[in-house]
Amino acid sequence: MANDTTVTVVGNLTADPELRFTPAGVALVKFTVASTPRVFDRNSGEYRDGDPLFLTCTAWRDLAEHIAESLAKGTRVVVAGRLRLSRWENEEGEKRSAYGLDVDEVGPSLRFATATVKKMARTRNGDGFTPETPADDPWSTAAPASAA
């Protein structure tokens, strides 16, 4: 949407992404990114950790499945998405609110690591992605054994 607040966050996953499926079979994944700024303390002449930001992120469909297959606790990531405010009341009737991120893009940070990208190919019926099958894969053309 044109009026959404877009945010890019760099940080580490605090736990493995949690993949779930809605009753309609749509994949969704939730994960939390911790981003802690480094600030220079002029009094001591050293860097120290600033206040951490913990941001709950949600991704849907193919992106959700790719995140669950690719990322794990501690992975440094770059996440871009739309900031969302959730409001609710707890059991005592107190009003609560929290910001979260609806993820549009995510990838590993290459600042302190390397990554190998494996491109996914769309299936013909458009129901999602499947890994590309190598041309010399004998299983891709295997026929079921005939009943004797």
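Everything here concerns the structure above.
Everything in this summary refers to the structure shown in the same document. None of these values were measured; they are calculated from a predicted model. (Residues numbered from 1 in each chain as written. Predicted model: local features only at pLDDT ≥ 70, side-chain atom pairs only at ≥ 80, totals over all residues. Heavy atoms only, no water.)

**Details of the overall build of the protein**
Consideration 1: Along its length, the protein carries one helix and 10 strands.
Consideration 2: When the elements of the protein are put in sequence order from the N terminus, they spell out β-β-β-β-β-β-α-β-β-β-β.
Consideration 3: The contacts of the protein with a sequence gap of at least 6 include a subset with a gap of at least 24, amounting to 54%.
Consideration 4: A total accessible area of about 11,400 Å² is found for the protein, and carbon and sulfur atoms account for 50% of it. (Helix = DSSP H or I, 4+ residues; strand = E, 2+ residues; numbered from the N terminus. Contact = heavy atoms within 4.5 Å. Areas by Shrake-Rupley, 256 points an atom, 1.4 Å probe, with all protein chains shown as cover.)

**Regarding the side chain of Ser109**
Consideration 1: Structurally, Ser109 can be placed in the loop between strand E8 (95-108) and strand E9 (120-122).
Consideration 2: By relative accessible area, which is 10% here, Ser109 ends up buried.
Consideration 3: Among the polar contacts listed, one links the side chain of Ser109 to the backbone nitrogen of Arg111, at a separation of 3.3 Å.
Consideration 4: Setting aside residues up to four positions removed in sequence, Ser109 forms contacts with Arg76, Val77 and Val78. (Buried < 20%, exposed > 50% of the residue type's maximum accessible area, 1.4 Å probe, protein only. Polar contact = N/O pair within 3.5 Å; in protein donor to acceptor, adjacent residues only side chain to side chain.)

**Structural notes on the pairing of strand E2 (residues 18-21)**
Consideration 1: Summarising the sheet, E2 and strand E3 (residues 27-35) pair through four bridges and their orientation is antiparallel. Note on E3: the bridge partner recorded for Glu18 is Lys30.
Consideration 2: From the end of E2 to the start of E3, which pair antiparallel, there are five residues, and Gly25 there has a positive phi angle of about 90°. (Pairing = 2+ DSSP bridges.)

**Quick word on the nonpolar core**
Consideration 1: With 16 residues, the main nonpolar core has Phe31, Val33, Cys57 and Val79 as its most contacted residues.
Consideration 2: Put simply, the parts of the chain that give this core at least two residues each are strand E1 (6-13), E3, strand E6 (53-60), helix H1 (61-70), strand E7 (76-89) and E8.
Consideration 3: Broken down by element, the residue count for this core peaks at four residues, all from E3. (Core = buried A, V, L, I, M, F, W, Y, C linked by side-chain atoms within 4.5 Å.)

**Here's the deal with the pairing of E7**
Consideration 1: As judged from the seven bridges shared by E1 and E7, these two strands associate in the antiparallel manner. Looking at the pairing, Gly11 lines up with Val77 of E7.
Consideration 2: In the sheet, E7 pairs with E8 via 13 bridges, with the strands oriented antiparallel. Residue pairing across strands places Val78 opposite Gly107, the latter belonging to E8.
Consideration 3: Once E7 ends, the chain turns through five residues before running back antiparallel as E8, passing Gly93 with a positive phi of about 85°.

**What about the packing of aromatic side chains?**
Consideration 1: Scanning all chains against the criterion turns up one aromatic pair.
Consideration 2: Judged by centre distance (5.2 Å) and plane angle (65°), the ring pair of Phe40 and Tyr47 falls under edge-to-face.
Consideration 3: The exposure class assigned to Phe40 is partly exposed, which follows from its relative accessible area of 44%.
Consideration 4: Tyr47 gets classed as exposed once you look at its relative accessible area, which sits at 54%. (Phe/Tyr/Trp six-rings, centres within 6.5 Å; stacked < 30°, edge-to-face > 60°.)

**Re the environment of Leu110**
Consideration 1: Along the chain, the position of Leu110 falls in the loop between E8 and E9.
Consideration 2: Linking Leu110 and Val77, residues 33 residues apart in sequence, is a C-alpha distance of 8.5 Å.

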